[in-house]
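Structural overview for review
Spelled out from the first residue to the last, the chains are:
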Amino acid sequence: MAKILIVEDNALNIKLFCDLLAAHGHQPEAVTDSRNALDVARQFSPDLVITDIQLPHVSGLELIRLLRSDKQLAKVPIMAVTAYAARGDEERIREAGAQAYVSKPISVVKFAQTVDELLPAKDKAEPVIDDFEGWSNEADDSPGPGEAGGEED
Ligand code: MN
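Residues numbered from 1 in each chain as written. Predicted model: local features only at pLDDT ≥ 70, side-chain atom pairs only at ≥ 80, totals over all residues.

As for the sheet that holds strand S1 (residues 3-7)
Strand-to-strand pairing in sheets goes through backbone hydrogen bonds, with the strands running parallel or antiparallel. How we decide: Two strands are said to pair when DSSP picks up at least two bridges between them. Helix and strand assignments follow DSSP, with helices taken as H or I runs no shorter than four residues and strands as E runs no shorter than two, numbered in order from the N terminus. Here, axes are lines fitted to C-alpha atoms. For helices the fit covers the stretch in contact, and angles between N-to-C directions go from 0 to 180 degrees. Here contacts are defined at the residue level, using C-beta atoms placed from the backbone and a cut-off of 7 Å between them.
An order of S2-S1-S3-S4-S5 is seen for the five strands of this open sheet, with the pairing classed as parallel. Strands at the two margins of the open sheet, each flanked by one partner only, are strand S2 (27-31) and strand S5 (100-103). The sheet shows a mean angle of 20° between the axes of neighbouring strands, taken without regard to direction. Pairing of strand S3 (residues 48-52) with strand S4 (residues 78-82) involves four bridges; the strand directions are parallel. Opposite Val 49, over in S4, you have Ile 78 as the bridge partner. In this fold helix H2 (residues 37-44) packs onto S1, S2 and S3, with an angle of close to 175° to the strand it touches most, S1. Sitting on the sheet, helix H3 (residues 60-68) touches S1, S3 and S4, and the angle it makes with S3 is about 155°.

Remarks on the pairing of S3
Defined as follows: Buried residues are those with 20 or more other C-beta atoms within 10 Å of their own C-beta, exposed residues have 12 or fewer, and partly exposed residues lie in between; C-beta atoms are placed from the backbone. If the strands point away from the viewer and the path from the first strand over the helix to the second runs clockwise, then the crossover is right-handed.
Among the five residues of S3, five are classified as buried, and the element is accordingly described as predominantly covered. Judged by which residues are buried, S3 turns out to be covered on both faces: Leu 48, Ile 50 and Asp 52 on one side and Val 49 and Thr 51 on the other are all buried. Note: S1 against S3, four bridges, orientation parallel. Pairing of Val 7 across the sheet is with Thr 51, part of S3. Regarding topology, H3 serves as the crossover connection from S3 to the parallel S4, and that connection is right-handed.

As far as function goes, none of this settles anything; it's purely spatial.
See below:
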């Protein structure tokens, strides 16, 4: 389980990313207005930041640089997502300080893989065990210890 901050101005993408991350057992938090992203990131203290590049106000590249120069957040991995993949963009994004780059429209598999690669071992998605007959009788969807409900939206 990882806390993942999403900075994205498109509501459909926010929904898609949040659903995907939640399905992998993560805790997503979305920011629509990139001007608030740094403050939210400081409070949320994410394990990973996923940011769109084409953002009004503070662009994704600017945000990456801001995160990289923030004492608290400088080491948090950043995954950039962009629909606009001109020549040299990936280099610029990586130079700004992002570790990974996924182009839109996203491939669900590639998105999930890249997220997993960027997370420390303790935060990676739990492997899905199908039809494992010897498994205990615990319900698959019971909340784990420390996961008191009440945060559904
Ligand atoms: Mn955008």
